[in-house]
There are 2 protein chains.
Amino acid sequence: MASVDRHRQIIDAVRRAGQLSVVELAERTGTSEMTVRRDLELLAEQGLLERYRGGAKSVLLRGEEPPFALRATDGIEVKERIAASVAEMIADGEAVVIDAGTTCLAVARALARRRLTVMPLSLHATNALVGAPQLRLLMPGGEPRPGELALTGPLTEASLAALRFDTAIIGCCGLTAANGLTAYDLADAAIKRAAIASAHRVIVVAEAAKLSRTALALVAPASALHAVVTTDEAPDAEVAALHSLGVAVRRV
Amino acid sequence: MASVDRHRQIIDAVRRAGQLSVVELAERTGTSEMTVRRDLELLAEQGLLERYRGGAKSVLLRGEEPPFALRATDGIEVKERIAASVAEMIADGEAVVIDAGTTCLAVARALARRRLTVMPLSLHATNALVGAPQLRLLMPGGEPRPGELALTGPLTEASLAALRFDTAIIGCCGLTAANGLTAYDLADAAIKRAAIASAHRVIVVAEAAKLSRTALALVAPASALHAVVTTDEAPDAEVAALHSLGVAVRRV
DNA sequence: AGGTTCAAACAGAAAATATGTTTGCTATGT
DNA sequence: ACATAGCAAACATATTTTCTGTTTGAACCT
């Protein structure tokens, strides 16, 4: 499908320019205005940009987290590499809780054919896991946040509080030795905290960029974590600092 | 797609004969054996029949409930008619719990564009409701039963016990004035009971055939119900009996 | 061993989807 | 109110994907 390339091109162009007209986008993509309009309608539906009469504008503001659909296709190979590494760390028969987010979704996919008990914290991961024959799927309650489909709220916390997992696989928006594990969303942070509290072992997945970032909501100090799986590009200083706090860091 | 007709033809033929060879099926459908094999693989995956070397056999036994995928395409118009009628009975702003099952799935679809708070008791309904902009979606916890994707177990019961809905929309396997509301699955029955207990008003959806059937597990006596939506074919005697127990019966 | 059943690979057919053009409608600004 | 740009629907065409049947060689059962 060539359309997916064009979609990416449109998103990038709009993001770079802040906003662009339909005419301008039609020229840049070498297609008709009608096609651009159809694309914009589609992309706006997914929350990837915002439509206005005559064009579209970027939805990326300030320090906010980009929407799920945007992150989903970003750096897939890296996420899959991290996910494969995490899958190696899980033994058959374990009970695992998997956080929301795109990296954790990759982990869920990597675990789908394993013999495990899994509680996913987002409906995306749920959809990746239903139908897996060997897997015992446990759903938490909660309210799915639009787009992200991360389950949050008191029902989710209650579900987690009632269970004890062998391993929690947690995603994050930021992780440093000094500032700990942080998230953009307060409700998400509360869930991550509950998931960590319900698990014997905590594995954090974090692309390298997150190891030099701190988000608004503190989830837990770094010392509460047992392992971090990241990539080669992770800054040595941060890795060393985490290591000195007793966190095993794995770079893949 | 013509293949869906052929699938139905294959399912019916296998069900009628108990079991049939690939060669026989290829002849009956007027296609090649390879196509039949591919179909059988597909259908077996959905649990619609069972594959064995050389052919396939029916998976329908005794008084058991046919698998979800089989019921899903059965009598859609009737289910949609019932669903539309139920949708009329729900006022905007209500909090509604929707049971699992194919008829209830139709109700979920009919309510997707409404301004409501909805807790679906199956992941099929969840998928029909995510992304609905006006709707507040609440997920119960629980373990999704394969195929059906009905959420059951203590997590589901706990989720229901924590909430009070305006209306519960309940499906069933059997409903008579004498034997009450019944279900095939014990775990399902427990959930239905919890849903009924958590709601102020209980609406049961039931195709006519269910009004002359009784399944294994008792959910509730008919007197616990407020309304039943069924079709014209519902037997008059049963309708009258239900009515005399204070249940409003609507035939659409 | 010997026949049958099956899965993979490929090519052609059929269907679904994507695209561009035209046309008439709608919204926006003056 | 009017003019204009933007838009949506309808349709025809092009492209892609999916479906199907045949062939071939491997797997299976007796």
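Residues numbered from 1 in each chain as written. Chains lettered and ligands numbered in written order. Predicted model: local features only at pLDDT ≥ 70, side-chain atom pairs only at ≥ 80, totals over all residues. Heavy atoms only, no water.

Peer 1: Quick question: what am I supposed to make of the overall build of chain A here?
Peer 2: Secondary structure summary: chain A contains 10 helices and 15 strands in total. Over its C-alpha atoms chain A spans a radius of gyration of 19 Å, differing by no more than 12% from the 18 Å that the globule rule assigns to 252 residues. Projected onto the principal axes, the alpha-carbon positions of chain A cover approximately 55 × 45 × 30 Å. Buried residues in chain A amount to 52% of all 252 residues. (Helix = DSSP H or I, 4+ residues; strand = E, 2+ residues; numbered from the N terminus. Rg over C-alpha atoms; globule rule 2.2 N^0.38 Å. Buried < 20%, exposed > 50% of the residue type's maximum accessible area, 1.4 Å probe, protein only.)

Peer 1: Where do I start with the interface of chain A and chain B in this structure?
Peer 2: You'll often see interface size given as the accessible area lost when the parts meet. Between chain A and chain B, the residue contacts involve 19 residues of the former and 19 residues of the latter. Counting the surface lost from both chain A and chain B, the interface buries some 1300 Å², and carbon and sulfur atoms represent 66% of this. Among the residues chain A hides against chain B, the three largest losses belong to Met139(A), Glu143(A) and Leu155(A). Together they make up 37% of the total. Inspection of the chain A/chain B interface yields two salt bridges. With a shortest N-O distance of 2.8 Å, Glu143(B) and Arg136(A) are connected by a salt bridge. For the side of chain A that touches chain B, the leading source of residues is helix H7 (residues 123-129) of chain A, giving three residues. Grouping the amino acids of the side of chain A that touches chain B by side-chain chemistry returns 12 nonpolar, five polar and two charged. (Contact = heavy atoms within 4.5 Å. Buried area = accessible area lost by both parts, 1.4 Å probe. Salt bridge = Lys/Arg side-chain N within 4 Å of Asp/Glu carboxyl O. Nonpolar A, V, L, I, M, F, W, Y, C, P; charged D, E, K, R; others polar.)

Peer 1: Mind showing me how you'd approach the protein's contact with DNA strand C here?
Peer 2: Taken together, 16 residues surround DNA strand C, and among them Arg6(A), Thr35(A), Arg38(A), Arg51(B) and Gly54(B) come closest. In the model, a phosphate oxygen of DNA strand C is placed 2.7 Å from a nitrogen or oxygen of the Arg51(B) side chain. With respect to DNA strand C, the side chain of Arg53(B) contributes an N or O atom lying 3.0 Å from a base oxygen. Sorting the residues of the surface near DNA strand C by element identifies helix H1 (3-17) and helix H3 (33-45) of chain A together with helix H3 (33-45) and strand S2 (49-52) of chain B as the ones contributing at least two each. A per-element tally of the surface near DNA strand C places H3(A) first, with three residues. Looking at the surface near DNA strand C, its residues break down into five nonpolar, five polar and six charged. (Near = heavy atom within 4 Å. Polar contact = N/O pair within 3.5 Å; in protein donor to acceptor, adjacent residues only side chain to side chain.)

Peer 1: Before we go on, may I ask you to explain the protein's contact with DNA strand D in this structure?
Peer 2: Near DNA strand D you find 17 residues, and of these Arg51(A), Gly54(A), Arg6(B), Thr35(B) and Arg38(B) are the closest. The protein-proximal atoms of DNA strand D, defined as those within 4 Å of the protein, are 58% sugar or phosphate. For DNA strand D, a phosphate oxygen lies 2.3 Å from a polar atom in the side chain of Thr35(B). Residue Arg38(B) places a side-chain N or O atom 2.5 Å away from a base nitrogen belonging to DNA strand D. Those elements giving two or more residues to the surface near DNA strand D turn out to be H3 and strand S2 (50-52) of chain A together with helix H1 (3-17) and H3 of chain B. Partitioning the surface near DNA strand D into residue classes produces six nonpolar, five polar and six charged.

Peer 1: How should the sheet that holds strand S6 (residues 136-137) of chain A be read in this particular structure?
Peer 2: Sheet strands pair by backbone hydrogen bonding; their relative direction is either parallel or antiparallel. Residues and elements named next belong to chain A. With parallel pairing, the seven strands of this open sheet are ordered in space as S6-S5-S4-S9-S12-S14-S15. Each having just a single partner strand, S6 and strand S15 (248-251) make up the two edges of the open sheet. Relative to S15, strand S14 (residues 227-230) runs parallel, the two being bridged by four bridges. Counted as the bridge partner of Val-229 is Arg-250 from S15. (Pairing = 2+ DSSP bridges.)

Peer 1: What's the story with the environment of Ala237(A) in this structure? I'm lost.
Peer 2: Residue and element names in this part refer to chain A. Considering the arrangement of structural elements, one finds Ala-237 in helix H10 (residues 236-244). On the basis of relative accessibility, which here comes to 63%, the residue Ala-237 falls in the exposed class. Taking the C-alpha atoms as reference points, Ala-237 and Leu-175, separated by 62 residues in sequence, lie 13 Å from one another.

Peer 1: Just to check I follow, could you spell out the environment of Ala44(A) for this structure?
Peer 2: Residues and elements named next belong to chain A. One can find Ala-44 in helix H3. Taking the C-alpha atoms as reference points, Ala-44 and Ala-194, 150 residues apart in sequence, are found 33 Å from one another. Excluding anything up to four places from it in sequence, Ala-44 contacts Leu-49 and Arg-51.

Peer 1: How should I be thinking about unusual backbone geometry in this particular structure?
Peer 2: In most cases, non-glycine residues show a negative phi, while peptide bonds are predominantly trans. Despite not being glycine, Leu149(A) has its phi angle at roughly 60°, a positive value. With respect to the helices, strands and loops of the structure, Leu149(A) is situated in the loop between strand S7 (143-144) and strand S8 (151-152).

Peer 1: Looking at this model, I keep getting lost on the domain arrangement of chain A. Mind explaining?
Peer 2: According to the domain assignment, chain A contains domain 1 (3-60) and domain 2 (71-251). On a C-alpha basis, the centres of domain 1 of chain A and domain 2 of chain A stand 32 Å from each other. (Domains from an automatic or database assignment.)

Peer 1: Hey, could you run me through the packing of helix H5 (residues 76-89) of chain A against helix H6 (residues 102-111) of chain A in this one?
Peer 2: If you want to describe how two helices pack, look at the angle between their axes and the distance between the axes. All names here are of chain A. The geometry of H5 relative to H6 is characterised by a closest axis approach of 8 Å and an angle of 50° between their N-to-C directions. The angle between the axes of H5 and H6 places the two elements in the oblique class. Of the two possible hands of crossing, H5 and H6 adopt the one that is right-handed. Contacts between H5 and H6 involve Lys-79, Glu-80, Ile-82, Ala-83, Val-86 and Ala-87 from the former and Thr-102, Thr-103, Ala-106, Val-107, Ala-110 and Leu-111 from the latter. When the residues that make up the contact of H5 with H6 are grouped by side-chain class, the tally is eight nonpolar, two polar and two charged. (Axes fitted to C-alpha atoms, helices over the stretch in contact; angles between N-to-C directions. Parallel < 35°, antiparallel > 145°, perpendicular 65-115°, else oblique. Left-handed = near helix turned anticlockwise from the far one by under 90°.)

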